[in-house]
Amino acid sequence: MRSLTKKEFLRAVESKAQRMFGRTPKRISKTQLYKAIAMVVRDLMMERWSYSREIMHSQPERELYYLSMEFLMGQALGNNIQMLDIADIVQDVCEEFGVSLDEIYDEEPDAGLGNGGLGRLAACFLDSLTTLGMPAHGYGIRYEYGLFKQKIVDGYQIELVDPWLEDGNIWEIAVPEDAKTVRFGGYVDQVQQDGQLIFEHKGYQQVKAVPYEMPVLGYKSPIANTLHLWGARATKHMDMNLFGQGKYIDALEEKELAEVISKVLYPEDNHLEGKALRLKQQYFFASASMQDIVSTFKARGNNILDLANKVVIQINDTHPALSIPELMRILVDEEGLGWDEAWQITTNTFAYTNHTIMEEALEKWPADLFRDLLPRLWDIVCEINERFTRELWDRYPGDWDRIARMAIVADNQVKMAHLCIVGSFSVNGVAQLHSDLLKEMVFKDFHEFYPDKFIGITNGITFRRFILHSNPKLTHLITGKIGDGWILEPMQLKEFAQYSKDEEIQAVLRDIRLQNKLRLASYIEKHNGIKVDPNSIFDVHVKRLHEYKRQLLNVLHIMALYNRLLDNPDLDVPPRTFIFGAKAAPGYRMAKLIIKLIHSVSETINHDPRIQDKLKVVFLENYRVSLAELIIPAADVSEQISTASKEASGTGNMKFMLNGALTIGTLDGANVEIHEEVGDDNIFIFGLTSDEVNHYYQNGNYHPEDILDQDPELSLVLEQLINGFLPVEHPDMFREIHDGLKFGNGGMADPYFVIEDFASYSDAHRRIDETYKQPKLWWEKAIINIAHAGRFSSDRTIAEYNEKIWHLPRFRTL
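Below: a short report on this structure. (Residues numbered from 1 in each chain as written. Predicted model: local features only at pLDDT ≥ 70, side-chain atom pairs only at ≥ 80, totals over all residues. Heavy atoms only, no water.)

What about the overall build of the chain?
Counting its regular elements, the chain contains 33 helices and 23 strands. Counting only C-alpha atoms, the chain reaches 90 × 75 × 65 Å along its principal axes. Across the 814 residues in the chain, those meeting the buried criterion constitute 60%. A fraction of 77% describes how many contacts in the chain between residues 6 or more apart in sequence connect residues 24 or more apart. Within the structure as shown, the chain displays about 32100 Å² of accessible surface, and the carbon and sulfur contribution to it stands at 48%. Separation between the mean location of the 88 positive side-chain charges and that of the 119 negative ones in the chain comes to 5 Å. (Helix = DSSP H or I, 4+ residues; strand = E, 2+ residues; numbered from the N terminus. Buried < 20%, exposed > 50% of the residue type's maximum accessible area, 1.4 Å probe, protein only. Contact = heavy atoms within 4.5 Å. Areas by Shrake-Rupley, 256 points an atom, 1.4 Å probe, with all protein chains shown as cover. Lys, Arg positive; Asp, Glu negative; His and termini not counted. Charge placed at Lys NZ, Arg CZ, Asp CG, Glu CD.)

Topic: the packing of helix H31 (residues 754-772) against helix H32 (residues 775-787)
At a closest axis distance of 6 Å, the pairing of H31 and H32 adopts a crossing angle of 110°. Judged on the interaxial angle alone, H32 and H31 are roughly perpendicular. Taking contact as the criterion, the partners of Ile768, Thr771 and Tyr772 in H31 are, on H32, Pro775, Leu777, Trp778 and Lys781. The residue makeup of the contact of H31 with H32, split by class, is five nonpolar, one polar and one charged. (Axes fitted to C-alpha atoms, helices over the stretch in contact; angles between N-to-C directions. Parallel < 35°, antiparallel > 145°, perpendicular 65-115°, else oblique. Nonpolar A, V, L, I, M, F, W, Y, C, P; charged D, E, K, R; others polar.)

Description of the environment of Arg402
When you line up the elements, Arg402 lands in helix H15 (residues 400-406). Owing to a relative accessible area of 14%, Arg402 belongs among the buried residues under this scheme. The spacing of Arg402 and Thr389 is 13 residues in sequence and 10.0 Å in space, taken between C-alpha atoms. If near-sequence neighbours (up to four positions away) are discounted, Arg402 is found in contact with Tyr396, Asp445 and Glu448. At a separation of 3.2 Å, a polar atom in the side chain of Arg402 contacts the side chain of Asp399. (Polar contact = N/O pair within 3.5 Å; in protein donor to acceptor, adjacent residues only side chain to side chain.)

Considering H31
Relative to the 27 Å expected for 19 residues at 1.5 Å per residue, H31 spans 25 Å between its end C-alpha atoms, a close match to the ideal helical length. Most pronounced at Ser760, the bend in H31 amounts to some 25°. By the burial criterion, the buried members of H31 are Val754, Ile755, Asp757, Phe758, Tyr761, Ser762, Ala764, His765, Ile768, Asp769, Thr771 and Tyr772. (Expected span 1.5 Å × (residues − 1). Bend = angle between axes of the 7 residues up to and from the residue.)

Focus: the pattern of salt bridges
Applying the stated criterion across every chain, the model contains 57 salt bridges. For Lys16, the salt bridge goes to Asp43, with nearest N and O atoms at 2.9 Å. Note that Lys16 is positioned in helix H1 (residues 6-21) and Asp43 in helix H2 (residues 30-57), a separation of 27 residues in sequence. For Asp43, a relative accessible area of 37% corresponds to the partly exposed category. Across the salt bridge formed by Arg390 and Glu386, the nearest N and O atoms sit 3.5 Å from each other. Within this pair, Arg390 and its partner Glu386 are both found in helix H14 (residues 375-395), separated by four residues, close to a single helical turn. Taken together, the salt bridges that share partners define one network made up of Asp399, Arg402, Arg405, Asp445 and Glu448. (Salt bridge = Lys/Arg side-chain N within 4 Å of Asp/Glu carboxyl O.)

Comments concerning the packing of helix H11 (residues 323-334) against H14
Two elements in contact, H11 and H14, have axes separated by 9 Å at closest approach and are oriented at 95°. Relative to H14, the element H11 lies roughly perpendicular. Across the interface between the two elements, Pro325, Glu326, Met328, Arg329, Val332 and Asp333 of H11 pack against Arg376, Leu377, Ile380 and Val381 of H14. Among the residues making up the contact of H11 with H14, the classes are represented as six nonpolar, no polar and four charged.

Things to note about helix H22 (residues 551-567)
Here H22 spans 25 Å end to end across 17 residues, near enough to the 24 Å set by a 1.5 Å rise per residue. Of all 17 residues in H22, 15 are buried; the element is thus mostly enclosed.

Here we look at the environment of Leu518
You can see Leu518 is positioned in helix H21 (residues 503-528). Each C-alpha atom, one on Leu518 and one on Val532, is 9.3 Å from the other, the two residues being 14 residues apart in sequence.

Side note on the packing of aromatic side chains
Enumeration over the complete set of coordinates arrives at 24 aromatic pairs. Ring plane angle 70° and centroid distance 5.7 Å describe the contact between Tyr66 and Phe125, whose orientation is recorded as edge-to-face. In this pair, Tyr66 is assigned in strand E1 (residues 63-67) and Phe125 in helix H6 (residues 117-131), connecting sequence segments 59 residues apart. Between Tyr139 and Trp230 the ring centres are 6.3 Å apart and the planes differ by 20°, which places this aromatic pair in the stacked class. Placement of the pair is Tyr139 in strand E2 (residues 136-141) and Trp230 in strand E10 (residues 224-234), with a sequence separation of 91 residues. Across the pair, exposure class does not vary: Tyr139 and Trp230 are buried alike. (Phe/Tyr/Trp six-rings, centres within 6.5 Å; stacked < 30°, edge-to-face > 60°.)

Here you go:
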């Protein structure tokens, strides 16, 4: 595919401006210029996409369908420009219009298609699949609104609507002619027809699933893959009879109830209506995707009996689990296959990735809700369960406890993780420790029953977005020393380690970091009104707000540092800027209270002249992919401090490492493997191990009060939560945090071991201070971290999935 020269690109943009907006270059607005540039970029993508689809679809090869409720894609323009390798050309064209390329990037909203690591991983996987030339399709939901736009008001999180689609989406193509019909409710009739039992679904409500397709490019790859997103539409627009009677709301009721399915990612489910909507979302997504996969497969002239040989479907966590019984429904009810034949195909088609070991995060649906909303799937799931428990009885006769633990339907619940395990040929964890915990604890019974089904594949990140695009000067430094082969062969990064003691390279890296910190400092001053010292340690904790991720441990330690400086303002410590970014789920009260605590601590510290600006605390609202691209290259310290055994993998830890930040972390998730790569001297490890945490849980002999009695510094910090030390509306505002740590709020005290790990965490920070005072040593460690990040490329992850699970062909040329 031929690229454009600067002159050709400029003419193409001017043409788009005139034909789409009726504007000359002198009169075009910044938003219109963004759209014109995006349209030219899209035209270049479409050429590759069309050829790629034609060639790949004409060959009877194996294809991957990757199902995920989230695809956290971020902004598309910069990524697509990177993939087309035209950044310099577009930058020059922008200058012709008197703006910078960064200003144009800012005009694009982040796509509201995900929330956290699950969705970001899916986006990285699409990048790597395409870069490596593997034929793949992503399937998800086209949410009209993102999770929410976070606004901080007086220290409290406020959730605002995130209308990311209100101005359209240049990158998508609607394909209404390929819409599918999804059915809810009603009942199932059994009738005999030609001596065969036929199941007829009657009395149902219908929703139309309209596909929107987005091309996905790879880096220097000849192919383009596709992300398919389903939008919910009513089968009729409105009731004209009711409208004519002036009953306008009633006239639109059916349309609105249908289309609410794809309105918002993760609607609150702490009430029955929310649970029903979530279940509807999941079936809508699963049914439309399975219908599309089967119809596409047959349209190419394939025999349905060959499905498992030519198609592999990867389930990203349990949200798409209903795809398993839905495929069974299609094969049995529509294709006329017998149960055993259909089950053989299904279980050889699906593979399941687990993303959590936390019991409360393993999805379970109330049986009554499932039965009422999805009557035919209820029959199928019950049959799967009946046949599976019969197998269990044959293997473990009389062991009712084990059979009850492993059943898919039990205790008036449908257990989706169990359905995924039983219905898939492969089950994988996402880090070495996580995979071990799945086999040894969470799914121990299943691992004993299916010993060959469980494997481990550590997550990875795309280097294209998280260093090439977000940190181009660091990219240039590395490439200037070891060539550009590392971009596609990430293990080549190890060659950069030879420069770890090179003072000239250290100085260049230090200058790159400073420039990135100046950019972030400017953003902080503009958005938060806080001036931060770019020469201070930028200590960054950005991720979803959850108690197990222990933002609370971080903020309690900040309070302890503040107390030390109050006692001795001349304390010899490097200045620190603590930077937080996190969204709390709207219904997660404790997480929102921790956000308020961070802001109260920030207000206290940032306005106290006694500590001579040695501490600053910043909370950046509405954390998102585009903001991460600004923060990560500027970070000196990466906070990865989850309670050991709770984080499946984490990928933020990998992004910070790649950009040269030093990690302070527990031996949890992928931190374990980062530690293996860089060694004890180049990471700051602290805290309980996974075994020690689980020992406490099993034996119940954890007593945080005893620790507090021996730690006056931490005791003071806890008392400051409730003694009026912090600026709050009422003195008991943070009592729930205090009591939960000290006594337990009706349950285990300090269940995430903040008190137990505090001293070790504080000592690790002292080691950070001492290291930062030795610049040569600090930058040596930074270079070693960068050089050992190759293992955590999503290219490596995808290659491993392909070797162990998918067995896809690779297209190197078209």
